[in-house]
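Single-letter residue listing:
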Amino acid sequence: MTTLAVTAVGCSGTKEVQKPYDEARFALQKAKSCGDLEAMLKEDAAAKMNAQIDAIIKEIDESGYYGGGPWGPWEGDVDGGGSTGSGPVGGESPPGGGDDGAPGGSGAPPAHSDTNTQVAGVDEADIVKTDGNNLYLLHGQSLEILKSWPISDLGVASSTAVEGNPIEMFVADGKIVVYSQVDGSEIYSAAGVAPRAPYYEYGYAAEPAWDGMPNPYYSPLTKITVFDVSGGAPSVSKELYFEGNYASSRRVDAHVRTILSGGAYGPALSYYPEITGEYPDTAEEWKALFEDLRFKNTLAIYSSKVSDWLPNRFEKKNGQIEAIAPSCESYYMPPEASTGYGLVQVESFDLDALNAPIAETSVVGAVDTVYANESSLYLAARGWTDPMFSPGLTPEDTSSTYLHKFDLTADPAHPAYVASGSVAGHVRNQFSLDEKDGILRIATTRQLVSQTEWTSTNDVYALRQNGDELKEIGSVKDLAPGEQIYSARFVGDRAYVVTFRQVDPLFVIDFKNPQAPKVLAELKIPGFSEYMHPMDEGHLLTIGQDATAEGQVTGLALQVFDVVDAKNPKLLHKHVFSGQDYGYSEAAYNHKAFNWYEPLHLLAFPFQAYDAMGGMKTSLELFDVTVADGIKKRGAVDHTGFFQSDPYGYCGGYYGVGVRRGVFIDKYVYAISYGGVTASEVSNPSVPVVTLPLSAPPAPYADCGL
């Protein structure tokens, strides 16, 4: 079994703790006080540091010399990112859970599409939102509100500057929540807090501030701005700033939950000794240098204060910046030296109670994936693996995922940590997870390594909460050895999993009995699906890539699968973009760009292509999709003309030329790009009824910073 953790014993010795994936108990420990949290943070950092230096010394002992370079925290992509269930998917907003009710409309809003989400009733932030009467658009560094209904009134109602670079937003109940990344230098100064740069990749930190002088490094903060638009033009209601990168967010009714993933803080450690003059000649000299490095790192760790380890939070009130005191008792620690370097924060607030303090729950360790339904929030984190791992002759697992569950029902304003567990392998994205009837289903790809072979295999697990543990109760293992998962989707009691190497096996897995899930069928076709969308309980609409029998990708593909008979799935219809239509779509890797509008049986998604001469085409593609008649192109809304003078996009390519989103309102389709907004009748989308050019977004930096 792979060693998942190496626990420190003092400062100069370690003992290996074997933790097989299927036996590891991984409940988080809640800090009881700031002193308790400080001790746990130091023990975790010391254990990881000792493990890495021990691994280097072991290499020196075995080889007689040290041939490596600087060794730091390593576990692939350690930053969370990133970046949700059963029941109805996408479609129109459920009562009380959508964007309707925002201002600016005249009368009841018309029928309209919403952001494509994984779980009905659980909203996901995006760059474009609509309530039917209005379009809300993040355009460069501004929030644009466009009157969209009636169609003849299409125009800009207001334009509001957003501090920093906007990322995504929610629109609900007369309020807009905008996420942006800002340079926090002035925020730190106004709060009287010394700025610092967080740990970046591999755990190396920028220099801290010294002698009260400003930190010379860019100090990024994630900002949440809440705008009130109930009175018309947006006005600021709340401004919050956080150390940590925006990973994801969810909204259920008035409750907004933001997940921030950041590098670990604390003292800057070194993993390679300073060498002046000639390099050491002997193994003993190398070992002495690393033992001295261990001593210096240990001294730095245990000389630090708890405030050195915790991210800063700020709020702007009446133009004044105030630091928000950390809540040590809201921090949860995994077993020491078991997860990648990092920290995840779940920040929660109620749109109906903006004056209430923001609720914080933090977990030490990196997080890769977020899944949420109305009752539960899950954070998936890659397990930490010894960076000097040496495989044997038998293939061993080198990948694992830890799962943390939070309850959202007992107190919706304060997500409560309830349980943790682990499975072998890594998840592809949020669609690899799903909870139904209290059972978590998860699909993973395992990496298997030996001295002679690197390969992979795929598993699907069912886990149930038992006290503070998520316990495996059933699984299907070793699907498609040598391949990896490209997409997964859970619909009702079934799981659909697509793997790929040369052909596209679509696995249908029955979860009616989660203690004994079983593969019902496997359909093999060329290519692979990257996103699967349930049209109904018996049919899947997918977007992905077509390929030859040898696995060579040939073009973007749409497919409809018949899974009415779970034991006999069929490919009903297929449309491939090839030849002059060869191109790519954001919808293949971002479900929010995929708009399946079930009332009209229409699919809309952005498309972009370049020909051999460098010519560019950008459009919103529309397809009629029905089980009976298949996939038929309705037309395309071409936005190429907006960018004829600047075919590489505004700001030297910082703002791209692609259509960003497509939105349905009544019998019209709206296409949105940085160049403008067009509205077309769905019966003839290629001829816009109304065209609204948009001004080029201002450069985010002087000369675009490029």
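Scroll up a little and you will see the structure.
Undergrad: Summarise helix H1 (residues 34-63); cite the residues concerned and give the values.
TA: For H1, spanning 30 residues, the distance from its first C-alpha to its last is 44 Å, which sits close to the expected 44 Å at 1.5 Å a residue. Positive backbone phi, at 85°, marks Gly64, one or two positions downstream of H1.

Undergrad: Can you tell me about the sheet that holds strand S36 (residues 595-597), naming the residues and giving the values?
TA: Taken together, four strands build an open sheet; the order of strands is S36-S37-S38-S39 and the sheet is antiparallel. At either margin of the open sheet sits one strand with a lone partner, and together these are S36 and strand S39 (630-638). The mean angle between the axes of side-by-side strands here comes to 30°, regardless of whether they run parallel or antiparallel. Sheet topology places strand S37 (residues 602-610) next to strand S38 (residues 616-626); nine bridges connect them, and they run antiparallel. What sits directly across from Tyr610, in S38, is Met616.

Undergrad: Give me the pattern of salt bridges: which residues, what numbers.
TA: Within this structure, the stated rule accounts for 31 salt bridges. Measuring nitrogen to oxygen at the nearest pair gives 4.0 Å for the salt bridge that ties Arg382 to Asp368. A residue pair is termed long-range when its members are at least 10 positions apart, and Arg382 in strand S20 (residues 376-382) and Asp368 in the loop between strand S18 (359-364) and strand S19 (369-372) qualify at 14 residues. Judged by relative accessible area, which is 25%, Arg382 ranks as partly exposed. Each member of the salt-bridge network shares a partner with another, and the members are Asp397, Arg446, Asp459 and Asp478.

Undergrad: Before we move on, could you go through the pairing of strand S29 (residues 494-500) and cite the residues and values that matter?
TA: Within S29, seven of the seven residues are buried, which leaves it mostly tucked inside the rest of the structure. Because side chains alternate across S29, one face comprises the buried residues Arg494, Tyr496, Val498 and Phe500, and the other comprises Ala495, Val497 and Thr499, equally buried. With seven bridges connecting them, strand S28 (residues 484-491) and S29 associate as antiparallel partners. The partner of Arg489 across the bridge, within S29, is Tyr496. Between S28 and S29, which pair antiparallel one after the other, the connecting turn spans two residues, and Gly492 there sits at a positive phi close to 60°.

Undergrad: Which residues make up helix H3 (residues 283-302), and what values do they have?
TA: The first and last C-alpha atoms of H3 sit 29 Å apart over 20 residues, in line with the 28 Å expected at 1.5 Å per residue. Where H3 is concerned, the buried positions are Ala283, Trp286, Lys287, Phe290, Leu293, Arg294, Asn297, Thr298 and Ile301. An end-on view of H3 places all buried positions within 135° of arc, on one side of the element. Away from its buried face by more than 90 degrees, H3 exposes Glu284, Phe295, Lys296 and Leu299. The elements touched by buried residues of H3 are H1.

Undergrad: Account for the sheet that holds strand S11 (residues 235-242), with residues named and values stated.
TA: Taken together, the six strands give an open sheet; going across it, the order is S8-S9-S10-S11-S14-S15, and neighbouring strands pair in antiparallel fashion. Looking along the sheet, the strands with just one partner apiece sit at the ends: strand S8 (165-172) and strand S15 (320-323). Adjacent strand axes in the sheet meet at a mean angle of 20° when their direction is disregarded. The pairing of strand S14 (residues 313-317) with S15 spans four bridges and is classified as antiparallel. Across the sheet, the residue bridging to Glu315 is Glu322, located in S15.

Conventions adopted
Residues numbered from 1 in each chain as written. Predicted model: local features only at pLDDT ≥ 70, side-chain atom pairs only at ≥ 80, totals over all residues. Heavy atoms only, no water. Helix = DSSP H or I, 4+ residues; strand = E, 2+ residues; numbered from the N terminus. Expected span 1.5 Å × (residues − 1). Pairing = 2+ DSSP bridges. Axes fitted to C-alpha atoms, helices over the stretch in contact; angles between N-to-C directions. Salt bridge = Lys/Arg side-chain N within 4 Å of Asp/Glu carboxyl O. Buried < 20%, exposed > 50% of the residue type's maximum accessible area, 1.4 Å probe, protein only. Arc of directions from axis to C-beta. Contact = heavy atoms within 4.5 Å.

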